[in-house]
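# Chain and residue survey
So you can see what is in the structure, the chains are spelled out below.
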Amino acid sequence: MAEKEQLIIESGEASQPFKYAVGMYGSKYFTEVRDNKRIMGVKCPKCGKVYIPPRGVCGSCFVEMKEWVEVGPKGVIGTFTILRFAFIDPETGHQKPVPYGYGFIKLDGADTLMQHYINLDDESKVKIGARVEAVFAQERKGSTRDIEYFKVIE
Ligand SMILES: [Zn+2]
């Protein structure tokens, strides 16, 4: 049987730097994580649903949300996958080391789930419903990677 060859086409070292505004809610969210290691969501004044990531309007009630509430940093895995096939990471332009975990996390105090990486030090513990905790980057820059990943804690 022939050995399988991974076919990866790279565009070389060309870069396409760009910037975009994350908006008022995104700015507060990223600033709180960067400066205080706090994960902030917004609460609907009508139904009480807490959204993370924060957004301006409740998707159920169509009312503006202005009440900020701290959520996490602990929560549970809502669903996940383990990626084992290498691909070019659009964040870095380089092949991302595999395997790694990725999932939807329901933070304590939140009603929605946020997507993030899940640490695989003990892959057998990565399960739906497992308790996890955010691991913050030592050097935070105001980006999604200020939370490095979530790790299973129980
Ligand atoms: Zn609502």
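This section reports on the structure supplied with the text.

Calculation notes
Residues numbered from 1 in each chain as written. Predicted model: local features only at pLDDT ≥ 70, side-chain atom pairs only at ≥ 80, totals over all residues. Helix = DSSP H or I, 4+ residues; strand = E, 2+ residues; numbered from the N terminus. Buried ≥ 20, exposed ≤ 12 C-beta atoms within 10 Å, placed from the backbone. Contact = placed C-beta atoms within 7 Å. Pairing = 2+ DSSP bridges. Core = buried A, V, L, I, M, F, W, Y, C linked by C-beta atoms within 7 Å.

### Side note on the overall build of the protein
- Of the regular secondary structure elements, the protein holds one helix and eight strands.
- Ordered by position from the N terminus, the helices and strands of the protein form the series α-β-β-β-β-β-β-β-β.
- Each of the three principal axes of the protein carries a C-alpha extent, and together these read 60 × 40 × 30 Å.
- Buried positions account for 23% of the 154 residues belonging to the protein.
- Across the protein, contacts joining residues at least 24 apart in sequence account for 50% of those joining residues at least 6 apart.

### Observations concerning the pairing of strand β7 (residues 131-136)
- Bridge count between strand β4 (residues 74-83) and β7: three bridges; the pairing is antiparallel. When the bridges of β7 are listed, Val76 appears paired with Arg131.
- Direction of pairing for β7 relative to strand β8 (residues 147-152): antiparallel, over a ladder of five bridges. Paired with Val135 across the two strands is Tyr149, which belongs to β8.

### Focus: the environment of Gly41
- By the secondary structure assignment, Gly41 is in strand β1 (residues 39-43).
- Sequence-wise, Gly41 and Val69 are 28 residues apart; in three dimensions their C-alpha atoms are separated by 5.4 Å.
- Once residues within four sequence positions are removed from consideration, Gly41 is found in contact with Val50, Tyr51, Ile52, Pro54, Val69, Val71 and Ala110.

### Side note on the pairing of β1
- Here β1 lies mainly inside the structure; five of its five residues are buried.
- On β1, burial covers both faces: Ile39, Gly41 and Lys43 on one face and Met40 and Val42 on the other are all buried.
- Taking the residues that link successive antiparallel strands as the turn, the β1-strand β2 (residues 50-51) hairpin has six residues, and the phi of Gly48 there is positive, at about 85°.

### A word on the sheet that holds strand β3 (residues 67-71)
- The sheet built from three strands is open, its strands ordered β2-β1-β3 with antiparallel pairing. On the outer flanks of this sheet lie β2 and β3, each paired with one strand and no other.
- Where β1 meets β2, two bridges bridge the pair, whose relative direction is antiparallel. The residue of β2 that forms the bridge with Val42 is Tyr51.

### A few points about the environment of Arg38
- Considering the arrangement of structural elements, one finds Arg38 in the loop between α1 (23-36) and β1.
- Considered as a pair, Arg38 and Lys74 are 36 residues apart in the sequence and their alpha carbons are 11 Å apart.
- If we ignore the near neighbours within four places in the chain, the residues touching Arg38 are Glu32, Val33 and Glu70.

### Quick notes on the nonpolar core
- Core analysis: the biggest nonpolar cluster contains 25 residues, and Ile39, Ile52, Leu107 and Ile118 have the highest contact counts within it.
- Those elements that place two or more of their residues in this core are α1, β1, β2, β4, β5 (100-107), β6 (114-118), β7 and β8.
- Each residue touching Leu107, except ones within four places of it in the same chain, is listed here: Ile39, Ile52, Val71, Gly72, Gly75 and Met114.

### What to know about the environment of Asn119
- As for its position among the elements, Asn119 is in the loop between β6 and β7.
- What makes Asn119 partly exposed here is the crowd of 18 C-beta atoms within 10 Å.
- Apart from the residues lying within four places of it in its own chain, the contact partners of Asn119 are Gly101, Tyr149, Phe150 and Lys151.

### Some words on unusual backbone geometry
- In this model, Ile52 is joined to Pro53 through a cis peptide bond whose omega is 0°.
- Among the structural elements, Pro53 can be located in the loop between β2 and β3.
- A cis amide bond, omega 0°, links Gly72 with the succeeding residue Pro73.
- Inspection of the secondary structure puts Pro73 in the loop between β3 and β4.
- At Lys37, a residue that is not glycine, the phi angle is positive and equals roughly 50°.
- In this fold, Lys37 is placed in the loop between α1 and β1.

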